[in-house]
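A look at the structure
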Amino acid sequence: MRRARPGWFWLAATWLAAASASADPYYLIVAGLGGEPRFEQRFSEQAEKLAEAARRTTGKPDQVIVLQGAEATGDNLRAAFAKLAGTLRSTDSLIVFLIGHGSFDGEEYKLNLPGPDITGKALGELLASVPAGAQLVMNATSASGAVLESWKANGRTVVTATRSGAERTATRFAEHWIAALSSGEADTDKNGLISAQEAFDYASRSVADSYEAEGILATEHPQIAGDNAARLTVARLGTRPAETPELTRLSARMAEIEGELEALRLRRDELDSETYLNELQALLLQLANVQREIDEAQAARAAPE
Amino acid sequence: MRRLALPLLLVAAEAVAGLSIEYGERPEELARCDRAAYRGKRAEANACYLELFQTSEELWMRAEAARALGDYRAANDAFKAAVEQRPDDAALRARWGRLYLDTHQANEAVQLFLESLERDAKHVPAKLGLATVAAGRFEDRARGYVGEVLEADPDNVEALLLLARMHLEEGALDRARERLDKALEVVEAKGLPPLEVYALHASLDLLNGQPESPWIERALAYNPTYGEIYETQAHFYVITRRYREAIELLRKAVELKPDLYSAHAELGVNLLRENKVDEAQRHLAFAYRGDPYSPQIVNTLRLIDSFDNFVVATHEPDEGSPYDPGVILRLHEREAEVLEPYVLALVRDSIARFSERYAFTLKEPVVVELYPDHDDFAVRTSGLPGIGLLGVTFGHLVAMDSPSGRAEGEFHWGTTLWHEMAHVFTLEATAHLVPRWFSEGVSVYEEWTTGPLPGRHLPIAFLEAMRDDRLLPIAELDRGFIRPTYAAQVVVSYMQAGLVCEYIASRWGQEGLRAMLELFAEGAETPAAISGALGIGAEAFDEAFADYLRQELGGVVANLEAWRGAQRDAHVRAEAREWARALEAAERAIALFPDYVDEGSAYLIKAKAYEETGDTARAAQTLAEYRSRGGYDPTALKALAKWLHESGDTEAAIGVLEDLLLVAPLRLDVHAELGDRLLEAGRAEQALHEYRMFAALDPHDKANVHYRLARAHRALGDTEEARKQLLYALEIAPHYRDAQQMLLEIVR
């Protein structure tokens, strides 16, 4: 097996520790028109699961907007974006999940909604209207690949279920993305947080595996664009950490060790294998001990007095 | 008309296909050239055809001359122009169809033959064209076309030869001889070329154990370069799986006629079946020069090219086994690491088992190829009649679909390999003289009794055939494989053959099967083998076997419709989530046909009904029963393993997961879970193996792989390796709590 060379994982953990404390993301979850009872039910269940993961992650239910069923109209969607545009600042982050059916006629992508559909162009403008410095938009609809290029923007990560607008079959991507948000397997760096990159990697692989297991050609090929996917948390696996002076001190110590680990990694090629592993072990043991202290402090705060 | 834009074909003018013999009346200008060709006077014949092509004012005659010269493009152009001139001429279209047969475009040829018959419903050459296509595909309808022709003209030589050939392919040698004698009488009386009659007579001698036939000498006296006679004989070796003997004959064919491209192609394909890859490639490449549009040649050359992506692992004979001749595995590089240990273990297990059961020791290493791309595997089987879609055995070489070549759960690769390995023994023990039915019968019987999947797996088509009295007498069972008369007859024949072997083993013991095998090795036909080994005549055997079937399966057959109704009911109720009713219907179906564990099995519905009502203990019991009868649905086995583990029966869970690997060996989660269960059971060495397989499949969560490996190494007492694996895990995921904890424990 090829071993992954760690790099930004450690820095990401540090960044997240800071970011998650100061800027919990805002979520907008839209489940479009199902058209058939089975799709209506599926999209509704998926929207609920996404909302549950979002609330668990932010700890602030009012930062999670869900539009589904008859509520998911174009007008309501525009209103939700207007509210976000008025609330968020450049230091905030916005996560948008779109599930349902999409269509593409060769020129224009549309998200199917109760009432008039909304075009990809209009959705792109709505995204641009929110001044959040970091954005993630996950479009799990059929034909979603049609918007990949046009939705790219600075600070924005775009995830689509399909490679292009030509992949028009109902997709499986959403269910695998949702599975990623509560999967320890998706959390490859084991920091208890699922980044957009981790969710994408897990979901896209699961989609491919599911088609392969059935022996059929895949009709969707998920895509990701943007360079901050690894730094953007989409879900938390456990409960939110408490914030105390002691925990802040320990977190700072952990960040220091992580910095030393990164420095060691950069020197890896200068060291023989045994020396590298010994130095790595020393730092990892320090990290483990600090981690244990943090976990114990968290547990103590959680325990009833 | 579609053919106007013919893209094709065409071979350079000097290319020579096999000699095409015409029995119909031909104008003297053409017949003169034909006579030179039949006598092997190639230069003279070519000059004659060329002159005719250049000077004849008859378009169709120019087309015939061009075809004989191998200039298929010119021939096609001339036929097209001729048909435009005379669109209602049935004979022209039938002749044009023959050109398409020369260039491997059977569907276009069939279209032309049908168009010919639209213009003249009794046109004999068109009927014979259709018969030729059908016979080449081993389709029984060939017989119908030939019958029509012979009814109108009992002396039609081409029809007599086609029928004789079909009889020979089915092993009906006496009937073949009758037709050939008649054909010989006609050609001699009419002064027609006798070469094809001689070739089939020589083939008849070959099938009677006399390959050095006097007919060969007669043919070569008539035409000293008639390599086709050896090629014809070789065909009958190939379809009876005697590839080595076929190769020797094909070598003689190309020696006699070096530009007999069809023989080079056959030689290449059969050398490949003997694992002689380089030599096969040389002959195929040469054949490609003369016949670049043959799908078989092109596909086989592509297959050989794809071998670059395969890993060949040679395993010397296992010193601990008196029977192991060595095993060579050709596996795709993408999956070789994972599949190799399981394939090797099963192959070696089968060799040990079959060597004892059939008192035969293999003399050459067994070669096993697994193809992830079904099309590659299909190329391996091209040109063989009634070959199952999952695997094929060419003596010591087994080729089959890899587990990744089909949807998960679609086939049980372990059983397929076991089946094919049984063929290795029946073929090699008899120098490939074993009849098809017996080889298949033993393989199916061994699947059911000693293979990795227990129980008979009888498809409904077999029970229907039994109910409708469509099973064949034992002496004619081969016909069901080679030229089936109804859609499911091949699979029905497999099952019948398996049940025949089961019956023999139950009444005469394994010794009965061994004795038959010995007689087949001596060249006995089925009736002689039955009476010699079992002391009973073939007809009496058929009656006794019918009694056995009634006793074993009569109840199920009688209740087939009731079972169908219960099955349908169970599925409908389950779909509606009416679990109590689904359970009742499923139990009814199981009571009527308890051995049915294949697609849509009622056991699965029964287990689901219990699960949905919260009774996982009974759900597990149901799945255990399902598994014991040979059920292998991967989702069901995974659930069974989980429930067994939850109930504390780790060893049983391990058994189920090991079974699951014989269906889905490339599933990451199964390797990981099996490793976990083995570790819990204190079987750390085996756990380590499973974790290594897990790692080889490149799982998403790399840190977790290293952590699992660390656990196994630690359990084996290798703390240094465990420490390294933990460091690798934490290097990827520094916050990995379980890995941190173990590292702290190890270094403390």
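Because the structure is a prediction, the values reported are computed rather than measured.

Residue and element names in this part refer to chain A. Strand order in the open sheet formed by 3 strands is β4-β5-β6, with antiparallel pairing between adjacent strands. Sheet topology places β4 (102-104) and β6 (118-119) at the edges, where each strand pairs with a single neighbour. Direction of pairing for β4 relative to strand β5 (residues 109-111): antiparallel, over a ladder of 3 bridges. Within β5, the residue paired with S103 across the bridge is K110.

Another aspect to go through is the confidence of the model for chain A. Confidence in the prediction of chain A, expressed as mean pLDDT, is 89, and 91% of residues score 70 or more. Every residue in residues 1-22 of chain A scores below 50 in pLDDT, and together they form 46 contacts with partners more than four places removed in sequence or on other chains.

Residues and elements named next belong to chain B. By size, the foremost hydrophobic cluster in this structure holds 221 residues, and its most contacted members are L417, W437, F438, F462 and F541. With 11 residues, helix α24 (residues 489-508) is the single largest residue contributor to this core. Beyond its immediate sequence surroundings of up to four residues, F438 is in contact with C501, L513, M516, L517 and F520.

Domains assigned within chain A are domain 1 (12-236) and domain 2 (245-302). Domain 1 of chain A and domain 2 of chain A are separated by 33 Å when their C-alpha centres are compared.

Residue and element names in this part refer to chain A. Taken in spatial order, the 6 strands of this open sheet run β2-β1-β3-β7-β8-β10, and their pairing is mixed. Two strands lie at the open edges of the sheet, namely β2 (64-67) and β10 (223-225), each paired on one side alone. Taking each pair of neighbouring strands and ignoring which way they run, the sheet shows an average axis angle of 10°. As defined by bridge partners, strand β8 (residues 156-160) adjoins β10 across 3 bridges and the pair is classed as antiparallel. In the sheet register, T160 faces β10, and the bridge partner there is Q223.

Examined against the element boundaries, Q298 of chain A turns out to sit in helix α8 (residues 273-302). Apart from the residues within four sequence positions on either side, Q298 of chain A is in contact with P241, A242 and L247 of chain A.

The next subject is the interface of chain B and chain A. Opposite the 33 residues of chain B that make contact, chain A presents 40 residues. When chain B packs against chain A, the two sides together hide about 3,200 Å² of surface, and 58% of this comes from carbon and sulfur. The largest contributions to the chain B side of the interface with chain A come from H700, E731 and H735 of chain B, which together make up 26% of the buried area. Applying the counting rule to chain B against chain A returns 4 salt bridges. In this structure, D295 of chain A engages R737 of chain B in a salt bridge whose closest nitrogen and oxygen atoms are separated by 2.7 Å. For the pair chain B and chain A, the interface holds 12 residue pairs in polar contact (both at pLDDT 80 or more). Taken together, the elements giving at least two residues each to the side of chain B that touches chain A come down to α36 (702-715), α37 (719-732) and α38 (737-747) of chain B. Ranked by residue count, the leading element in the side of chain B that touches chain A is α37 of chain B, at 8 residues. Residue classes in the side of chain B that touches chain A are distributed as 17 nonpolar, 6 polar and 10 charged.

Definitions and limits used
Here, residues in each chain are numbered from 1, in the same order as that chain's written sequence. Working convention: letters from A go to chains and numbers from 1 go to ligands, in the order in which they are written. Under the rules for a predicted model, residues below a pLDDT of 70 receive no local features and side-chain atom pairs below 80 are neither given nor counted, while totals for whole chains, interfaces and linings still include all residues. Hydrogen atoms and water are omitted, and side-chain values are computed over all heavy atoms in the structure. One bridge is not enough; two strands pair if DSSP finds at least two bridges between them. Numbered from the N terminus, helices here are DSSP runs of H or I no shorter than four residues, and strands are runs of E no shorter than two. Confidence of the predictor at the level of single residues is given by pLDDT, which spans 0 to 100. Whether two residues are in contact is decided by their heavy atoms: any pair within 4.5 Å suffices. Remark: nonpolar core denotes a set of buried residues (Ala, Val, Leu, Ile, Met, Phe, Trp, Tyr, Cys) joined through side-chain atoms within 4.5 Å. Categorising residues by exposure relies on relative accessible area from a 1.4 Å probe, with only protein chains included: less than 20% of the type maximum marks a residue as buried, more than 50% marks it as exposed, and the intermediate range marks it as partly exposed. In this entry, domain limits derive from an automatic or database-based domain assignment. To obtain an axis, a line is fitted to C-alpha atoms, over the contacting stretch when the element is a helix, and the angle between two such axes runs from 0 to 180 degrees between their N-to-C directions. Buried surface area refers to the total accessible area, computed with a probe of radius 1.4 Å, that the two partners give up upon joining, counted for both partners together. Definition used for salt bridges: Asp or Glu carboxyl oxygen within 4 Å of a side-chain nitrogen of Lys or Arg. Contacts described as polar in this section are N or O atom pairs within 3.5 Å, which, within protein, must combine one atom able to donate a hydrogen with one able to accept it, while residues neighboring in sequence count only if both atoms come from side chains. Under the grouping applied here, Gly and all other residues not named as nonpolar or charged are polar, the nonpolar ones being Ala, Val, Leu, Ile, Met, Phe, Trp, Tyr, Cys and Pro and the charged ones Asp, Glu, Lys and Arg.

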